[in-house]
Amino acid sequence: MEGVLTEAHLANLTKLDSFRLTTYPNRSLVGPFPVWLQIQSNLSYVIISNAGISDTIEEDRFARLFSRCWYIDLSNNTIKAKLPTQIYSESLEKIDLSRNRFEGQIPIWLTNATQLFYSREHWGTNATVANIFSFSEPDSGRLPSSICKMKYIKFLCLAQQLSGELPNCWNNLRSLKVLDASNNSLSGKIPSSLSSLCNLVLLILSNNNLRGNIPYPQHNCRQVPKLYILQLRSNLLEGNIPEQLCRLSDIHDLDLSDNNFMGSIPKCFQNFTALNDNTSLDYEYLFDLQDSTINEQTVLVGTKGRELEYSRTLLEVKSIDLSKNNLTGEMPDGICSLAFLDTLNLSRNHLSGSIPKNIGDLRRSESLDLSYNNFSEPIPPSLSSLTFLGHLKLSYNNLPGRIPTGNQLQTFNDSSNYEGNPLLCGVPLSTRCAGDNSPSTPSSRGGGSKDQLWHYLSIAMGIAVVFWGACGTLVLKESWRHAYYRYVDHLKERMLLRIELAARRMFGRGNN
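Residues numbered from 1 in each chain as written. Predicted model: local features only at pLDDT ≥ 70, side-chain atom pairs only at ≥ 80, totals over all residues. Heavy atoms only, no water.

A. Looking closely at the overall build of the protein. Tallying secondary structure elements over the protein gives seven helices and 30 strands in all. By the burial criterion, 47% of the 512 residues in the protein qualify as buried. By element, 51% of the accessible surface of the protein is carried by carbon and sulfur atoms, the whole surface being about 26,500 Å². (Helix = DSSP H or I, 4+ residues; strand = E, 2+ residues; numbered from the N terminus. Buried < 20%, exposed > 50% of the residue type's maximum accessible area, 1.4 Å probe, protein only. Areas by Shrake-Rupley, 256 points an atom, 1.4 Å probe, with all protein chains shown as cover.)

Okay, structure coming up:
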C-alpha cells in the first residue's frame, strides 16, 4: 500500500476494538502518535511496532491506554513520554515498550501481565540511573518487593545499568519462566528465593557485581527443577560450586565463568542427563507461548574462542563454561561422559593431574579449552577420536610427551594450540620427540613421501597427454597420417639435396 495516511482517514473510527500498524524492519512510517487512537474507549488490542512514531505523549493519555487494553506493543519507535508511576489493570496481559525513549520512573505494574519487556538501549538520557529501569525505587536504586505482586508474570527482562540488590521475594512468582537481569550493576547476594522457582527455564544474571555463594536448588519442588540455562558469568561470586547443582538434570548451558569460585569441580556432572542425549525441544511448549508476537530471548555463549549469540536455537546449545576461576584438583572423569556436550571450557584455573583418558567420549564436542592450567600428564590418545572438534586449546600447561595424531587432530596445525608446554613435542611444534630423525613439522612426517609420489605421477600424466595429443591423431585419422608421411619424405629429400650440394661445393673448392 502506498500514499499518505492522515488523521482524517481514521478519525471517525470511534468504536475500534483492535488496531495494528507495523512495517518491515528496514522500512518505517513517520509521524506523531495518532490522537484519535488516544481517545478510543473500546480499544483492547494495540500493535504499533516499527512505525517510525516520533512524538511526546502526555502521561494521562498513556494511563488510559494501559487501563483498557489487554495487549500493547509499541516497540521499535522513538516515543518520548513519562509513564505513570503506577498502572493498575486487571485485563493487561502483554506489554512491549522496548526500543523507545521513555523517561522518568518505570511504573509499578499492578496487573495480571505474563510478559513484560523494556528496552536495553533507548531510554531517555535525562532520567537518573535509579529511575530509568524497571521497578527501581527513585532514591535507592533497588528493585522493590512490589515486583513480586505480579504473580502471573512469565517473562521478566530488566534493562541495563540497574543498580542495587535483587529483592528476596521471588518465591511468589511461581509462573516465572525467564529472568534476565544481565549487563547491569546489581550488587549483593543472589536471593535464596530464586532457587525455589521450580518452573524457571532461563536465569541470566551475567555481567553484574553479585557476591557470595550460589543458592542451592530447593527440594520442595514436586519435580526436578526445569532450569535449562544458568548464566552467572562475570560477577564476584565465590565459594565452592555446590554439588546440589547436579540436581539440574535438564541443564543445557551452565556458565559460571569469570568469578572467584574455588575448590574442585563436583564429580556429579554426569547427572546432567540432557547433555548426554540428542532429544529436540519444543520452544513454544517449554515457554508456554501461544503466539509469535512475543520477543525472543537471546543468550551469549562463549564457544570456539569467541562469543556467539543464540535466539530461537538457544535450547540447542549444550555448553559448560567454568573458565577464569580458582578451581583446583583434577578434571572429573564423569564430565567426559556427556557425549552431546558441544562446548567445554575449563581454561584459566589451577586444575592439575591428568586429562581424563576417556576424553574421547565427548564425541560431539566442537570446542575444548583446557589452557592455562597445571595438567602434567601426557595427552590421552583418545583425544584424536573427537571428529567434530573445531576449536582446541591445550596451551600453557605442563603436558609432556608426543602430541597425538590422526583424524581431526591433523587439522590443528597452529602451534599456539599447544604452546607453553616445555616438555611437549611433535606436530605441529618444532620440538622433536625422541626417535625422530628430523625436526617435526606438519609436512615432515608421512607427508613428504606422498607429495613426492604425486609429483612423479603428475609428470607421467603430462607426458602421456602430450604424446597421445600429438601421435594419437596420426594413428586414428588415415588422411592426416598420409599427409604427415608425405611431409616427412619431402623434408628428408630436401635435407639430402642440401647435403649433396654442400659436398659438391666443398670438393669443387679442393680441386681448384
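And the narrative resumes.
B. Geometry of the state of the cysteines. Applying the stated criterion to the full structure yields two disulfides. Here Cys-246 pairs with Cys-268 through a disulfide, and the sulfurs are 1.9 Å apart. With the S-S bond torsion at 70 degrees, the cross-link from Cys-246 to Cys-268 turns out right-handed. Highlighted residues: Cys-246 in the loop between strand E17 (236-240) and strand E18 (253-255) and Cys-268 in the loop between strand E19 (260-263) and helix H5 (283-287), separated in sequence by 22 residues. Each member of the pair, Cys-246 together with Cys-268, is buried. There is a disulfide in this structure between Cys-425 and Cys-433, and the S-S distance comes to 2.0 Å. In this structure, the disulfide formed by Cys-425 and Cys-433 twists by about 110 degrees around the S-S bond and is classed as right-handed. For Cys-425, a relative accessible area of 10% translates into the label buried. (Disulfide = S-S within 2.5 Å.)

C. Spotlight on unusual backbone geometry. Looking along the chain, the bond that leaves Val-427 and enters Pro-428 is cis, with omega of 5 degrees. Structurally, Pro-428 can be placed in the loop between strand E30 (424-425) and helix H6 (447-476). Its identity is not glycine, yet Asp-258 carries a phi of approximately 60 degrees, on the positive side. Here Asp-258 shows up in the loop between E18 and E19. Here Asp-258 falls in the partly exposed class, since its relative accessible area comes to 35%. Look at Arg-348: it is not a glycine, yet its phi comes out positive at around 60 degrees. Mapped onto the elements of the fold, Arg-348 is located in the loop between strand E24 (343-345) and strand E25 (350-353).

D. Molecular detail of the packing of aromatic side chains. Enumeration over the complete set of coordinates arrives at two aromatic pairs. Taking 4.9 Å as the distance between ring centres and 40 degrees as the angle between the ring planes, the aromatic pair formed by Phe-269 and Phe-272 counts as tilted. One exposure class covers both Phe-269 and Phe-272, and it is buried. Taken together, a centroid distance of 4.8 Å and an interplanar angle of 15 degrees make the contact between Tyr-372 and Tyr-396 stacked. Of this pair, Tyr-372 sits in the loop between strand E26 (367-369) and strand E27 (374-375) while Tyr-396 sits in the loop between strand E28 (391-393) and strand E29 (401-402); the two residues are 24 residues apart in sequence, bridging distant segments of the chain. The class for Tyr-372 is partly exposed, based on a relative accessible area of 35%. Residue Tyr-396 is classed as partly exposed on the basis of its relative accessible area of 35%. (Phe/Tyr/Trp six-rings, centres within 6.5 Å; stacked < 30°, edge-to-face > 60°.)

E. Main features of the nonpolar core. Trp-170, Ile-320 and Tyr-418 are the most contacted members of the largest nonpolar core, which has 70 residues in total. Listed in part, the 20 residues of the second largest apolar core include Trp-36, Leu-43, Ala-81 and Leu-97. (Core = buried A, V, L, I, M, F, W, Y, C linked by side-chain atoms within 4.5 Å.)

F. Fine view of the pairing of E19. Residues Phe-261 and Gly-263 point to one face of E19 and are all buried, whereas Asn-260 and Met-262, pointing to the other face, are not buried. Relative to E19, E17 is paired through three bridges, and the arrangement is parallel. Residue pairing across strands places Asn-240 opposite Met-262, the latter belonging to E19. With two bridges joining them, E19 and strand E23 (residues 326-329) adopt parallel strand pairing. Pairing of Met-262 across the sheet is with Asn-326, part of E23. (Pairing = 2+ DSSP bridges.)

G. Spotlight on the sheet that holds E25. Here six strands make up an open sheet; going across it, the order is E15-E17-E19-E23-E25-E27 and the pairing parallel. This sheet does not close on itself; its edge strands, each paired only once, are strand E15 (211-212) and E27. Here two bridges tie E25 to E27, and the two strands are oriented parallel to one another. By the bridge assignment for E27, Gly-353 is matched with Phe-375.

H. Structural view of the pairing of E17. Relative to E17, E15 is paired through two bridges, and the arrangement is parallel. Paired with Arg-211 across the bridge in E17 is Leu-236.

I. Inspection of the side chain of Lys-318 at higher detail. Position of Lys-318 among the secondary structure elements: in the loop between strand E21 (306-310) and strand E22 (319-321). Buried and unpaired, Lys-318 has no salt bridge, with Asp-277 as the nearest side chain of opposite charge at 4.2 Å. Engagement of the side chain of Lys-318 in a polar contact is seen with the backbone oxygen of Asp-277, the distance being 2.4 Å. Beyond its immediate chain neighbours, meaning those up to four positions away, Lys-318 contacts His-252, Ala-274, Leu-275, Asp-277, Asn-278, Phe-340, Leu-341, Asp-342 and Thr-343. (Lys, Arg positive; Asp, Glu negative; His and termini not counted. Salt bridge = Lys/Arg side-chain N within 4 Å of Asp/Glu carboxyl O. Polar contact = N/O pair within 3.5 Å; in protein donor to acceptor, adjacent residues only side chain to side chain. Contact = heavy atoms within 4.5 Å.)

J. Layout of the environment of Asn-326. The residue Asn-326 is located in strand E23 in this model. Under the relative-accessibility criterion, Asn-326 is labelled partly exposed at 33%. Taking the C-alpha atoms as reference points, Asn-326 and Asn-349, separated by 23 residues in sequence, lie 5.1 Å from one another. Apart from the residues within four sequence positions on either side, Asn-326 is in contact with Asn-260, Phe-261, Met-262, Gly-263, Asn-349 and His-350.

K. Geometry of the confidence of the model for the protein. Summing up the model confidence of the protein, the mean pLDDT is 75 and the portion of residues at 70 or higher is 66%. In this model residues 439-448 is a low-confidence stretch, pLDDT under 50, and it forms 19 contacts with partners more than four residues away in sequence or in other chains. (pLDDT = per-residue confidence, 0-100.)

L. Representation of the environment of Tyr-152 in the model. The topology assignment puts Tyr-152 in the loop between helix H4 (129-132) and strand E10 (155-157). As a C-alpha pair, Tyr-152 and Leu-173 span 21 residues in sequence and 6.8 Å in three-dimensional space.

M. Highlighting the side chain of Ser-182. Note on placement: Ser-182 falls in the loop between strand E12 (178-180) and strand E13 (185-187). Relative accessible area serves as the criterion here: at 5%, Ser-182 is assigned to the buried category. At 2.7 Å, the side chain of Ser-182 and the side chain of Asp-180 are in polar contact.

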